[in-house]
Amino acid sequence: MALFRTKKAIFTAAAVALAFTLDACGSGSGSSPESSGSAPYSVASNVSLSGSPTFDKITSNGKVRIGVKQDQPGLGFMDAATGQYSGFDIEVARWIGASLGYSADKIEFKPIPSANRESAIQNGDIDYYVGTYSITDSRKKQVDFAGPYFTTGQGLLVKKDNTTISSEKDLAGKTVCSATGSTPLQNIQKNFPQTTSRSFDTYSQCVDALKNGQVDAVTTDQAILIGYAAQDPDNLKVAGSPFTTEKYGVGLAKGDTALRKFVNDVFTNGHDVWQKVYDSTLGKSGTKVEQPAVDNY
């Protein structure tokens, strides 16, 4: 899938992402597009998936436990007042759950910080993870990935009145924050030696540090930063254009080939569903993107 196609489109997204965050709703235990009849997918019946230890565990538990993010507007966000989850990643997670035969009331969302994703999958704390999880070779040594189901790129969030940072070329001598264990943080540490890095468990903590003047910029995927800028447009803005390519995948237990192929088939055969899920979430920004082809490694 292509990145957001123009710089103008990126900032158009920021202008409307907040409206989406306020309008969309859903929780892992009830209210969702699926339960209201508006979901573009239905709950499968009589699902059989031999050779998948994860599916066997799901069947035994009678529910699906999904690792997600809860502080990324438009992607994975939990309303603190209602406990309801919304966003593109959340709907992708529900779609997979429905394809496995589990309705929204049989889905449990578990917020997992970036640094703990691999361990949560390896320890069996969750059945799969859907939360801006970039596919990398190093991570594939520890977990498997289905997908990708979305492509974006690393960007920068700065204060609205910042005139010194307009792109990644301006980061020398600056302090940049990202989530502990994240790909964007690793990129800064490896490829920007004159830039000081700082990390927290969540991106929202980095945003707080930016507002408080503790850091000069926050870096993560452009899609995530758009949501934060939309939440506080008087004080925050996205600077420049994406300077990497990040492919989001569904994190799975290492070696669960049966489940990986199942999810890849869901994506491959569900283009119309994918498009409707996107259009009802991130697509409300007005951006036009294409579903990426899965990598059946």
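For the structure itself, look to the data block above.
Residues numbered from 1 in each chain as written. Predicted model: local features only at pLDDT ≥ 70, side-chain atom pairs only at ≥ 80, totals over all residues. Heavy atoms only, no water.

Remarks on the packing of aromatic side chains
Scanning the model with the defined rule gives 14 aromatic pairs in all. Here Y149 and F267 contribute two aromatic rings whose centre-to-centre distance is 5.9 Å and whose plane-to-plane angle is 40 degrees, an arrangement assigned as tilted. Here Y149, found in strand β7 (residues 143-152), pairs with F267, found in helix α9 (residues 257-269); they are 118 residues apart in sequence, far enough to count as distant. For F267, a relative accessible area of 1% puts it in the buried group. Clustering of aromatic rings is evident, with ring pairs tying together F88, W95, Y149, F150, Y248, F267, W274 and Y278. When the ring centre of Y297 is taken as origin, the NZ or CZ atom of K140, which lies over that ring, is 4.1 Å away. A cation over an aromatic ring shows up here: R260 above the ring of Y297, its NZ or CZ 4.3 Å from the ring centre. (Phe/Tyr/Trp six-rings, centres within 6.5 Å; stacked < 30°, edge-to-face > 60°. Helix = DSSP H or I, 4+ residues; strand = E, 2+ residues; numbered from the N terminus. Buried < 20%, exposed > 50% of the residue type's maximum accessible area, 1.4 Å probe, protein only. Lys NZ or Arg CZ within 6 Å of the ring centre and 35° of its normal.)

Digging into the sheet that holds strand β12 (residues 236-239)
Within a sheet, each strand pairs with its neighbour through backbone hydrogen bonds, oriented either parallel or antiparallel. Taken in spatial order, the five strands of this open sheet run β10-β9-β11-β8-β12, and their pairing is mixed. Taken across any chain shown, the strands that pair with only one partner, and hence form the sheet edges, are β10 (196-200) and β12. If you compare each strand with its neighbour and ignore which way they point, the axes differ by 35 degrees on average. Sheet topology note: the strand β9 (residues 175-179)/β10 ladder contains five bridges and is parallel. (Pairing = 2+ DSSP bridges. Axes fitted to C-alpha atoms, helices over the stretch in contact; angles between N-to-C directions.)

Points about the pattern of salt bridges
Oppositely charged side chains can form a pair if their charged atoms are brought close together. By the definition in use, this model includes six salt bridges. Across the pair E108 and K63 runs a salt bridge whose closest N-O atoms are separated by 2.8 Å. In this pair, E108 is assigned in strand β5 (residues 107-111) and K63 in the loop between α2 (53-61) and β1 (64-68), connecting sequence segments 45 residues apart. Given a relative accessible area of 31%, K63 falls into the partly exposed group. (Salt bridge = Lys/Arg side-chain N within 4 Å of Asp/Glu carboxyl O.)

Digging into helix α6 (residues 183-191)
Among all positions of α6, only T183, P184, L185, N187 and I188 are buried. One side-chain oxygen of the residue at the start of α6 lies 3.3 Å from the amide nitrogen of L185, identifying that residue as S182. (Polar contact = N/O pair within 3.5 Å; in protein donor to acceptor, adjacent residues only side chain to side chain.)

Focus: the nonpolar core
In terms of nonpolar packing, the biggest core is built from 59 residues, with F88, L100, Y149, F150, L157 and V250 touching the most fellow members. For this core, the element with the most residues is helix α3 (residues 88-99), which contributes seven residues. In contact with L157, not counting residues within four places along its chain, are V207, L210, D216, A217, V218, L225, Y228, A229, L236, K237 and V238. Ranked by size, the runner-up nonpolar core spans 10 residues in total, among them I165, A217, A239 and F243. (Core = buried A, V, L, I, M, F, W, Y, C linked by side-chain atoms within 4.5 Å. Contact = heavy atoms within 4.5 Å.)

Describing the state of the cysteines
Tallying each qualifying case throughout the model produces one disulfide. The side chain of C177 participates in a disulfide bridge whose partner is C206; the two sulfur atoms lie 2.1 Å from each other. The sign of the -65 degrees torsion about the S-S bond sets the C177-C206 disulfide as left-handed. You can see C177 sitting in strand β9 and its partner C206 sitting in helix α7 (residues 203-211), a full 29 residues away along the chain. Judged by its relative accessible area of 0%, C177 is buried. (Disulfide = S-S within 2.5 Å.)

Section: the sheet that holds strand β2 (residues 71-72)
Strand order in the open sheet made by the three strands is β2-β3-β4, with antiparallel pairing throughout. A strand with exactly one partner marks an edge of an open sheet, and here the two such strands are β2 and β4 (85-86). As paired strands, β2 and strand β3 (residues 76-78) are joined by two bridges and run antiparallel to one another. What sits directly across from D71, in β3, is F77.

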